[in-house]
Amino acid sequence: VQADSLTINCNFHKIQGDGKGSGVTINNHNNVVLKNCIIENFDRGISIDESDFSSLQSNLIVNNSIGIFADVTSGLNLSSNSLNNKVFNVNNLGNEEIKAKSNFWGSTDVAVINTKINGGVNFVPCLTEDPFNDTDNDGIIDLIDNCKSDINPDQADTDNDGKGNVCDINLFLN
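What you are looking at is a predicted structure, and each value in this text was computed from that prediction instead of being measured.

So, the overall build of the protein
Inference 1: Tallying secondary structure elements over the protein gives two helices and 15 strands in all.
Inference 2: By the compact-globule yardstick of 16 Å for 174 residues, the protein fits well, its C-alpha radius of gyration being 17 Å.
Inference 3: The principal-axis extent of the C-alpha atoms belonging to the protein is close to 60 × 35 × 30 Å.
Inference 4: For the protein, long-range pairs separated by at least 24 residues make up 29% of all intrachain contacts whose partners lie at least 6 apart in sequence.
Inference 5: Element-wise, carbon and sulfur atoms account for 48% of the exposed surface of the protein, whose accessible area totals about 8,700 Å².
Inference 6: Of the charged side chains in the protein, 10 are positive and 24 negative; the average position of the first set lies 6 Å away from that of the second.

This is how it looks when you write it as structure tokens:
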């Protein structure tokens, strides 16, 4: 990342590594939003250093040695991410606690979650379901699926109410 006050939306595209380096590096830049990314198979999925008031939203961060590495960072917020990494999901070397509420940590057991966190991270409450699951196996992750319980790969929504046609009771009543 090479600028302040920047939003990066990956639109659920994958950033995949070979087990080395970092997938995304934010160094000395503030107010950066990274969202909707799939980051996997790096030493550090996301590395944040000396960058304040940044936000990581709705990212899948998996199979990295360390999911998020943070150092000398303040105001870092994590929300609606799914993290399941090899050594740590978050390694916070900074003095300020990371606000990481409403994320899925690969488990709902607080003791298990704590084994994959180093440093100050406030992770309660956490999500009880992985938003990157595909419950109905239609190829659309639950996070963006407009009908999680029924197969609808086309995501048709005739009345534009946010509910897919296959599970929209209003279409059947009219």
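Next comes the rest of the account.
Let's talk about the packing of aromatic side chains
The relation between two aromatic rings is expressed through the spacing of the ring centres and the mutual angle of the planes.
Inference 1: The full count for this structure, using the stated rule, is two aromatic pairs.
Inference 2: Plain terms: the ring middles of Trp-105 and Phe-123 are 6.0 Å apart, the flat faces sit at 65° to each other, and that makes the pair edge-to-face. With Trp-105 in the loop between strand S13 (98-99) and helix H1 (110-115) and Phe-123 in the loop between strand S15 (121-122) and helix H2 (169-173), this pair connects stretches of sequence that are 18 residues apart. Neither residue differs from the other here; Trp-105 and Phe-123 are each classed as buried.

Side note on the state of the cysteines
Inference 1: Applying the stated rule across the entire model yields two disulfides.
Inference 2: The disulfide that involves Cys-10 links it to Cys-37, with 2.1 Å between the sulfurs. With the S-S dihedral at roughly 70°, the linkage between Cys-10 and Cys-37 falls on the right-handed side. Here Cys-37 lies in the loop between strand S4 (32-35) and strand S5 (38-40) and Cys-10 lies in the loop between strand S1 (6-9) and strand S2 (14-16), a separation of 27 residues in the sequence.
Inference 3: On the basis of relative accessibility, which here comes to 14%, the residue Cys-10 falls in the buried class.
Inference 4: For Cys-37, a relative accessible area of 0% puts it in the buried group.

With respect to the sheet that holds strand S8 (residues 60-62)
Inference 1: The strand order across the open sheet built from four strands is S2-S5-S8-S11, with neighbouring strands paired in parallel fashion. In the strand order of this sheet, the two ends are held by S2 and strand S11 (82-84), each with one partner. Within this sheet the neighbouring strands show an average axis-to-axis angle of 5°, counted without direction.
Inference 2: Where S5 meets S8, three bridges bridge the pair, whose relative direction is parallel. By the bridge assignment for S8, Glu-40 is matched with Val-62.

A short note on the pattern of salt bridges
Inference 1: This model, assessed by the stated rule, comprises one salt bridge.
Inference 2: Across the pair Lys-14 and Glu-40 runs a salt bridge whose closest N-O atoms are separated by 3.0 Å. Of this pair, Lys-14 sits in strand S2 while Glu-40 sits in strand S5; the two residues are 26 residues apart in sequence, bridging distant segments of the chain.
Inference 3: On the accessibility criterion, Glu-40 (13% relative accessible area) is buried.

With respect to the pairing of strand S12 (residues 88-92)
Inference 1: The buried fraction of S12 is high, at four of five residues.
Inference 2: Sheet topology note: the strand S9 (residues 66-71)/S12 ladder contains four bridges and is parallel. Opposite Ala-70, over in S12, you have Asn-92 as the bridge partner.
Inference 3: When S12 meets strand S14 (residues 117-118), the two strands line up parallel, connected through two bridges. By the bridge assignment, Val-90 is partnered in S14 with Ile-117.

Rules used throughout
- Residues numbered from 1 in each chain as written.
- Predicted model: local features only at pLDDT ≥ 70, side-chain atom pairs only at ≥ 80, totals over all residues.
- Heavy atoms only, no water.
- Helix = DSSP H or I, 4+ residues; strand = E, 2+ residues; numbered from the N terminus.
- Rg over C-alpha atoms; globule rule 2.2 N^0.38 Å.
- Contact = heavy atoms within 4.5 Å.
- Areas by Shrake-Rupley, 256 points an atom, 1.4 Å probe, with all protein chains shown as cover.
- Lys, Arg positive; Asp, Glu negative; His and termini not counted.
- Charge placed at Lys NZ, Arg CZ, Asp CG, Glu CD.
- Phe/Tyr/Trp six-rings, centres within 6.5 Å; stacked < 30°, edge-to-face > 60°.
- Buried < 20%, exposed > 50% of the residue type's maximum accessible area, 1.4 Å probe, protein only.
- Disulfide = S-S within 2.5 Å.
- Pairing = 2+ DSSP bridges.
- Axes fitted to C-alpha atoms, helices over the stretch in contact; angles between N-to-C directions.
- Salt bridge = Lys/Arg side-chain N within 4 Å of Asp/Glu carboxyl O.

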